[in-house]
Amino acid sequence: MNHHRNNQILLQTCPHLSDFKSKHGTKPFRVLQKCLRVKPLGRAEIRRDPNELRRCISCTTTESSSSTRLRFLACVACAAVSCNSHAAGHAESRESGHEIAVDVDRAELYCCVCRDQVYDREFDGSVVLAQAESSTLGVPNTKNPIESPRKRRRVEYRPWSSDPREQVLMTRGSSPLQSGDGYPWGLRGLNNLGNTCFMNSVLQALLHTPPIRNYFLSDRHNRYVCELKKANNNNTHNNNVVLVNGCNNNQSVRLCLACDMDAMFSAVYSGDRTPYSPAKLLYSWWQHAANLASYEQQDAHEFFISMLDGIHEKVDKDRGKPQSQGNGDCCIAHKVFSGILRSDVTCTACGYTSTTYDPCVDISLDLDPNYGSSTKTSSTKSHHTFNGETADRPQSTLMGCLERFTRPERLGSAEKFFCQQCQIRQESLKQMSLKKLPLVLCFHIKRFEHSNTRKMPMSRKVDRYLQFPFSLDMSSYISSSILRGRFGNRIFAFGGDEKDISPSELPSNFELFALVTHSGKLEAGHYVTYLRLDNQWYKCDDAWITQVNENIVRAAQAYMMFYVQKTLYYKVSENLTTS
């Protein structure tokens, strides 16, 4: 029976386990800890000898001859091994003190009287530490890489079909986007205003982000209403100079990025194919990010974060009070891109775990330094292998980067954290996971490295090729999957949150719809965006729009990747006929 106190799960203590510990202490458990072994998939077991073959002392059934449902239990007091059918008989035939056993295949304590699994925080904590330490010792073998044990299933696409009621609602409340020249609606080039390819590449991705596009095209933010509202607000406070994120011609008042985005959506989706000049939005962004106001080349990722912050700041000032980014309900930018990261820091001395949650609008990933080669070599080879590996050496993959991002890492002695249970600073293990997935996932690949040396700071670009899928299943990287996959029923000893332990109800399948690439050197490079519209890829190179095949996209040097939930991605590659 479980009890809830202060949003924590308290497990009822087994009376037989308490009686056993009061008589024998924890010495028998410490003996078991010496026999702990971690299997290749991360599961713990109790085995003195790797070649040991367990046999039931009552029915003489062995591991090799038993059925898959039979479990072997070792008595903690005398180490006698029994199957789960005869474990209770062994406890009854002996004197008091033989009630507690251990499941040798799962390293879990078992009460033969209650006939149920029991929990001991100290024993389970030591098992968790053994599993975590084992996962940090493995170094990828670049010569003979081992395939990840997590098998990812291919999700078949099931087209959505509306019922009669939904068809009526869509007919009355919407107008279809149609294009007469064969190109998707909203596909329009953006003029380069002077080293502004970084801005154009991100804007192309935002213009075709389904939830963002639907928000602005549905007139959810009307620039004319916003201007009128700000004008009335300025008239009310005409005695003072108030700096707000408004939308008027006053030079002392910062402009509204959301209004400029609304104007851009109107222009891009007007049907005009001539390149559009986002000069007004650039000026508004300069007002928001004054430290970046220049015609020098900027970082596309930094511009993306700055744009989301500008829209978020606009909503804060409109509502009159700060809104939290963590819940994702503050503004359209965070409703679409905001997720929640979970960070678990485990003390290696006592097993105490500190859990924190942080909002995020993107995930920055490091490239594996042991994999891949230069862009040209990898790009050439990828034409022949695509989803496979080159003959010379394996390539870095997006899944591999996510595996490393969510893999436990040992923090160095200089990063010791204060353990509330030990009351001193201790070495620890840290593991990241995703508690909440956003509607649109943005991955940022760290291609620009900066290091400080004694003589002068050094900066360089990482030209390593990254292999990425068009369809992505994120179920292996969410908190519920990682915690249950690693610790199983022992999750309570890890201190997991009940909401994180339960399976996620949010969709975990995503589709790639935009890819921002960077070519050239660190100080003289160029950004280009690839868009996936109507299941066809288009290259957006500032004012130039060209249709390309998917091989070109797969060979590109990915810098930012935008994935949208599959339920929001409308696959329209089939030619549907209307009756």
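Residues numbered from 1 in each chain as written. Predicted model: local features only at pLDDT ≥ 70, side-chain atom pairs only at ≥ 80, totals over all residues. Heavy atoms only, no water.

### Focus on the packing of helix H1 (residues 15–24) against helix H2 (residues 27–34)
Now for step 1: With their axes 8 Å apart at the nearest point, H1 and H2 run at an angle of 95 degrees to one another. For the element pair H1 / H2, the angle class is roughly perpendicular. Contact residues: Leu-17, Phe-20, Lys-21 and His-24 in H1; Lys-27, Pro-28 and Phe-29 in H2.
Now for step 2: For the contact of H1 with H2, the residue count by class is four nonpolar, one polar and two charged. (Axes fitted to C-alpha atoms, helices over the stretch in contact; angles between N-to-C directions. Helix = DSSP H or I, 4+ residues; strand = E, 2+ residues; numbered from the N terminus. Parallel < 35°, antiparallel > 145°, perpendicular 65-115°, else oblique. Contact = heavy atoms within 4.5 Å. Nonpolar A, V, L, I, M, F, W, Y, C, P; charged D, E, K, R; others polar.)

### Comments concerning the environment of Cys-197
Now for step 1: Examined against the element boundaries, Cys-197 turns out to sit in helix H6 (residues 197–207).
Now for step 2: Look at Cys-197 and you get buried, because its relative accessible area is 2%.
Now for step 3: Spatially, the C-alpha atom of Cys-197 lies 9.7 Å from that of Asp-299, the residues being 102 residues apart in sequence.
Now for step 4: In this structure, Cys-197 is in contact with Asn-192, Gln-297, His-526, Tyr-527 and Asp-542, ignoring residues within four places of it in sequence. (Buried < 20%, exposed > 50% of the residue type's maximum accessible area, 1.4 Å probe, protein only.)

### Here's the deal with the pattern of salt bridges
Pairs may arise between side chains of opposite charge once their charged atoms sit close together.
Now for step 1: The final tally for this structure, using the stated rule, is nine salt bridges.
Now for step 2: Among the ionic pairs, Arg-71 bridges to Asp-103, the shortest N-O distance being 2.7 Å. On the criterion of sequence distance, the pair formed by Arg-71 in the loop between strand S4 (44–46) and strand S5 (72–75) and Asp-103 in strand S7 (residues 100–103) is long-range, its members being 32 residues apart.
Now for step 3: Arg-71 gets classed as partly exposed once you look at its relative accessible area, which sits at 23%.
Now for step 4: For Asp-103, a relative accessible area of 1% puts it in the buried group.
Now for step 5: The salt bridge involving Arg-188 is made with Asp-272; its shortest N-O contact spans 3.2 Å. Linking Arg-188 in the loop between helix H5 (164–173) and H6 with Asp-272 in the loop between helix H9 (257–268) and helix H10 (279–288), this pair joins segments that are 84 residues apart in sequence.
Now for step 6: Looking at Arg-188, the relative accessible area reads 6%, which means it is buried.
Now for step 7: Classification of Asp-272 by relative accessible area gives partly exposed; the value is 34%. (Salt bridge = Lys/Arg side-chain N within 4 Å of Asp/Glu carboxyl O.)

### Quick notes on the pairing of strand S18 (residues 440–445)
Now for step 1: For S18, the tally of buried residues reaches six of six residues, placing the bulk of the element in the interior.
Now for step 2: Residue alternation in S18 divides its side chains into two sets, Val-440, Cys-442 and His-444 and Leu-441, Phe-443 and Ile-445, and both sets are buried.
Now for step 3: With three bridges connecting them, strand S12 (residues 363–365) and S18 associate as parallel partners. Note on S18: the bridge partner recorded for Ile-363 is Phe-443.
Now for step 4: Pairing geometry for S18 and strand S27 (residues 558–565), over five bridges, is antiparallel. Paired with Val-440 across the bridge in S27 is Val-564. (Pairing = 2+ DSSP bridges.)

### Digging into the sheet that holds strand S8 (residues 108–111)
Now for step 1: The five strands lie next to each other as S6-S5-S7-S8-S9, forming an open sheet whose pairing is antiparallel. Unpaired on one side and paired on the other, strand S6 (81–83) and strand S9 (116–117) mark the two borders of the sheet.
Now for step 2: Taken together, the two bridges between S8 and S9 define a ladder with antiparallel strand orientation. If you follow Tyr-110 over to S9, its bridge partner there is Gln-117.

### So, the packing of aromatic side chains
Think of a pair of aromatic rings as described by two things: how far the centres are apart, and how the planes are tilted against each other in angle.
Now for step 1: Under the defined criterion, the tally for this structure stands at 14 aromatic pairs.
Now for step 2: On the basis of an interplanar angle of 10 degrees and a centroid distance of 5.9 Å, the ring pair of Phe-265 and Tyr-269 is categorised as stacked. For the pair Phe-265 and Tyr-269, a shared accessibility class is recorded, and that class is buried.
Now for step 3: With 5.2 Å between their ring centres and 85 degrees between their planes, Phe-304 and Phe-337 make a pair best called edge-to-face. In this pair, Phe-304 sits in helix H11 (residues 300–319) while Phe-337 sits in helix H12 (residues 332–337), placing the two residues 33 residues apart along the sequence. Phe-337 carries the same exposure label as Phe-304, and that label is buried.
Now for step 4: Looking at Arg-554, its charged tip hangs above the ring of Phe-470, at a distance of 4.0 Å from the centre. (Phe/Tyr/Trp six-rings, centres within 6.5 Å; stacked < 30°, edge-to-face > 60°. Lys NZ or Arg CZ within 6 Å of the ring centre and 35° of its normal.)

### Let's talk about the pairing of strand S25 (residues 536–541)
Now for step 1: Bridge analysis of strand S24 (residues 525–533) against S25 gives five bridges, and the strand direction is antiparallel. Looking across to S25, one finds that Leu-531 is bridged to Tyr-538.
Now for step 2: Note that S25 and strand S26 (residues 544–548) share five bridges and pair antiparallel. Pairing of Asp-541 across the sheet is with Trp-544, part of S26.
Now for step 3: Hairpin connection between S25 and S26: a loop of two residues separates the two successive antiparallel strands, and Asp-542 in this loop has a positive phi of roughly 55 degrees.

### Here we look at H9
Residues three or four positions apart in an α-helix share a direction because the helix packs 3.6 residues into each turn.
Now for step 1: The first and last C-alpha atoms of H9 sit 16 Å apart over 12 residues, in line with the 16 Å expected at 1.5 Å per residue.
Now for step 2: Of all 12 residues making up H9, 10 are buried, and the element is well covered by its neighbours.
Now for step 3: Every buried residue of H9 is accounted for by Leu-257, Ala-258, Cys-259, Asp-260, Met-261, Asp-262, Met-264, Phe-265, Ala-267 and Val-268. (Expected span 1.5 Å × (residues − 1).)

### Topic: the sheet that holds strand S17 (residues 428–436)
What links the strands of a sheet is backbone hydrogen bonding, and the strands pair in either a parallel or an antiparallel sense.
Now for step 1: Ordered in space as S11-S10-S17-S14, the four strands form an open sheet in which the pairing is antiparallel. Edge strands, defined here as strands with exactly one partner in the open sheet, are strand S11 (353–360) and strand S14 (409–410).
Now for step 2: Two elements, strand S10 (residues 339–347) and S17, share eight bridges in a ladder whose sense is antiparallel. Note on S17: the bridge partner recorded for Ser-343 is Met-432.

### What to know about the nonpolar core
Now for step 1: With 53 residues, the main nonpolar core has Trp-285, Phe-303, Phe-304, Phe-337 and Phe-562 as its most contacted residues.
Now for step 2: The leading source of residues in this core is H6, at eight residues.
Now for step 3: Once you skip the residues sitting within four places of it in the chain, Phe-562 turns out to touch Ala-205, Phe-304, Phe-337, Val-440, Leu-441, Cys-442, Glu-511, Leu-512, Phe-513, Ala-514 and Val-516.
Now for step 4: Membership of the second largest hydrophobic core comes to 34 residues, among which are Leu-365, Phe-470, Tyr-530 and Ala-556. (Core = buried A, V, L, I, M, F, W, Y, C linked by side-chain atoms within 4.5 Å.)

### Comments concerning the environment of Ile-552
Now for step 1: In this fold, Ile-552 is placed in helix H17 (residues 550–554).
Now for step 2: For Ile-552, a relative accessible area of 36% translates into the label partly exposed.
Now for step 3: Along the chain, Ile-552 and Tyr-530 lie 22 residues apart, while their C-alpha atoms are 9.6 Å from each other.

### Side note on unusual backbone geometry
Now for step 1: Of note, Asn-195 is a non-glycine position whose phi angle comes to about 60 degrees, a positive value.
Now for step 2: Note on placement: Asn-195 falls in the loop between H5 and H6.

Geometry only, nothing functional implied.
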